Amino acid sequence: DQQVKQNSPSLSVQEGRISILNCDYTNSMFDYFLWYKKYPAEGPTFLISISSIKDKNEDGRFTVFLNKSAKHLSLHIVPSQPGDSAVYFCAASGSGYSTLTFGKGTMLLVSP
Amino acid sequence: KAGVTQTPRYLIKTRGQQVTLSCSPISGHRSVSWYQQTPGQGLQFLFEYFSETQRNKGNFPGRFSGRQFSNSRSEMNVSTLELGDSALYLCASSLGTSEPGELFFGEGSRLTVL
């Protein structure tokens, strides 16, 4: 039973365009959401997070939107750069902030 | 400051053997979590240790165990290895407080079971 779902295994975008990565969750107890980026042969690195009391959080080129009623969040990258090519994981947390439930990831490829 | 260090980075075992993986967290971090990454299942939570006590546990069989030492370093052990245990095992550290915060991951230990 996947509580965090990333339905797109991959996404291809041209450099300079917007990348939109989507994530759905089913557990209403989740109240903190994070995005991680992972390059091959490296551990995931934290990108951006959002609390359930907010609906938007921005950090430079990265913006995360949260729609609690739809149990949906998205990560926008504008403008996309070739260095953004990586696997992006959506993660959620509830009662234990050190315990994250991850989606299976979306591989983003940004072409020049 | 130094990041999360995992050893060994790569190892090959055969079915039935056991393996021990080690993780040194970021200095000052008291929580260590372990995750298994496989192509089909993504990242799955194994367990979390805080101040030498297991605080949370994922849905894995008892063959998977761990412990944390007084210096916050952690080890995980997998006994009676199966082919399906082949995966990247990731360790993550955090302050472990109830305040929301990100986990800092190591580069992982790649286990291959033959």
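Look above for the structure.
Notes on the structure follow.

Between chain B and chain A, the residue contacts involve 27 residues of the former and 17 residues of the latter. Of the roughly 1,700 Å² buried between chain B and chain A on both sides combined, carbon and sulfur atoms contribute 58%. Scanning the region where chain B abuts chain A turns up zero salt bridges. At the junction of chain B with chain A, the criterion picks out three residue pairs in polar contact (both at pLDDT 80 or more). Looking at the side of chain B that touches chain A, the elements with two or more residues in it are β4 (31–38), β5 (42–50), β6 (53–57) and β9 (87–94) of chain B. Class assignment of the residues belonging to the side of chain B that touches chain A gives a composition of eight nonpolar, 13 polar and six charged.

Here we take up the sheet that holds strand β3 (residues 19–24) of chain B. Residue and element names in this part refer to chain B. If you walk across this open sheet you meet the four strands as β1-β3-β8-β7, and the pairing is antiparallel. Either end of the sheet is taken by a strand with one partner, and the two such strands are β1 (5–7) and β7 (64–68). Averaged over neighbouring strand pairs, the angle between their axes works out to 15° when direction is ignored. Of the strand pairs in this sheet, β3 and strand β8 (residues 74–78) are connected by five bridges, and their pairing is antiparallel.

Each value, and the rule that gives it
Residues numbered from 1 in each chain as written. Chains lettered and ligands numbered in written order. Predicted model: local features only at pLDDT ≥ 70, side-chain atom pairs only at ≥ 80, totals over all residues. Heavy atoms only, no water. Contact = heavy atoms within 4.5 Å. Buried area = accessible area lost by both parts, 1.4 Å probe. Salt bridge = Lys/Arg side-chain N within 4 Å of Asp/Glu carboxyl O. Polar contact = N/O pair within 3.5 Å; in protein donor to acceptor, adjacent residues only side chain to side chain. Helix = DSSP H or I, 4+ residues; strand = E, 2+ residues; numbered from the N terminus. Nonpolar A, V, L, I, M, F, W, Y, C, P; charged D, E, K, R; others polar. Pairing = 2+ DSSP bridges. Axes fitted to C-alpha atoms, helices over the stretch in contact; angles between N-to-C directions.

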